[in-house]
Amino acid sequence: MASLNVPNFGKVLICPYNISHHISVTGMPSHLIKCRRQHRNAKIAICLFNRTHCVPEQELAFHMKNCPDRAMMETYQYVTSTNGNMSDLALDAAINGTKGKPDDYQPSQTGNDDENWDDMNAKPYNPVAYCETHAVIRKATHKTAAEKRQFYEDEKHRISQLRKRNL
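Summarised in this report is the structure supplied together with it. (Residues numbered from 1 in each chain as written. Predicted model: local features only at pLDDT ≥ 70, side-chain atom pairs only at ≥ 80, totals over all residues. Heavy atoms only, no water.)

### Here we look at the sheet that holds strand E3 (residues 22-24)
- Spatial ordering of the open sheet is given by E1-E2-E3, a layout of three strands whose pairing is antiparallel. The sheet is open, and its two borders are formed by strand E1 (3-6) and E3, each paired with just one other strand. For this sheet the average axis-to-axis angle between neighbouring strands, irrespective of direction, equals 40°.
- Of the strand pairs in this sheet, E1 and strand E2 (residues 10-14) are connected by four bridges, and their pairing is antiparallel. Paired with Leu 4 across the strands is Val 12, a residue of E2. (Pairing = 2+ DSSP bridges. Helix = DSSP H or I, 4+ residues; strand = E, 2+ residues; numbered from the N terminus. Axes fitted to C-alpha atoms, helices over the stretch in contact; angles between N-to-C directions.)

### Here we look at helix H6 (residues 145-166)
- Taking 1.5 Å of rise per residue, 22 residues should cover 32 Å, and H6 covers 32 Å from first to last C-alpha, within 8% of that figure.
- Among all positions of H6, only Phe 151, Glu 155, Arg 158, Ile 159 and Leu 162 are buried. For H6, the angular spread of buried residues about the axis comes to 95°, placing them on one side. Away from its buried face, by an angle of more than 90 degrees, H6 presents the exposed residues Arg 149, Glu 153, Lys 156 and Lys 164. (Expected span 1.5 Å × (residues − 1). Buried < 20%, exposed > 50% of the residue type's maximum accessible area, 1.4 Å probe, protein only. Arc of directions from axis to C-beta.)

### Some words on the state of the cysteines
- Evaluated as defined, the whole model comprises zero disulfides.
- The thiol of Cys 15 is not disulfide-bonded; the next cysteine sulfur, from Cys 35, is found 3.6 Å away.
- Not engaged in a disulfide, the cysteine Cys 54 finds its nearest cysteine sulfur in Cys 15; these two sulfurs lie 7.8 Å apart. (Disulfide = S-S within 2.5 Å.)

### Comments concerning the pattern of salt bridges
- Tallied over the full model, the rule gives two salt bridges.
- With its nearest N and O atoms 2.5 Å apart, the salt bridge here joins Glu 155 to Arg 138. Of this pair, Glu 155 sits in helix H6 while Arg 138 sits in the loop between helix H5 (127-133) and H6, and the two are 17 residues apart along the sequence.
- Residue Arg 158 pairs with Glu 155 through a salt bridge whose shortest N-O separation is 2.7 Å. With Arg 158 and Glu 155 both in helix H6, this residue pair falls three residues apart, about one helical turn. (Salt bridge = Lys/Arg side-chain N within 4 Å of Asp/Glu carboxyl O.)

Everything listed is a geometric property; what it means functionally is a separate question.
Next up, the structure:
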């Protein structure tokens, strides 16, 4: 996208859909959405690294190789070292545009390794059983009028029995 420096206004960008549109840098993302709707048949492709980068379809491959946001996005594919800095190999791979994982790639090790939520000996929670044994107000759904009346009478009796037991 071409940019201009307008005196007393600042930097403006030229819309890739209509060159007569000069939009401020902060307003360009919302403008692109509106302009894209109006120019559905335009042969303009959107960058995968930054949605505000709109280039002609013929230039997309070149743009993807040279996009300034590419290195920033690819750094998230690699694991950082324990001190918070990216490993040299991962950083080189991100800057040079190498695809895939570096040779020394290892998944990040966070948290406790001895914690396993699948091997719990606790019995599973059954909400229906809990509601039947505790004073929880339940609602009758998907029942006829007669079934609802009977349900609410049974509920009054159940709650009164639970209260007597707790006293």
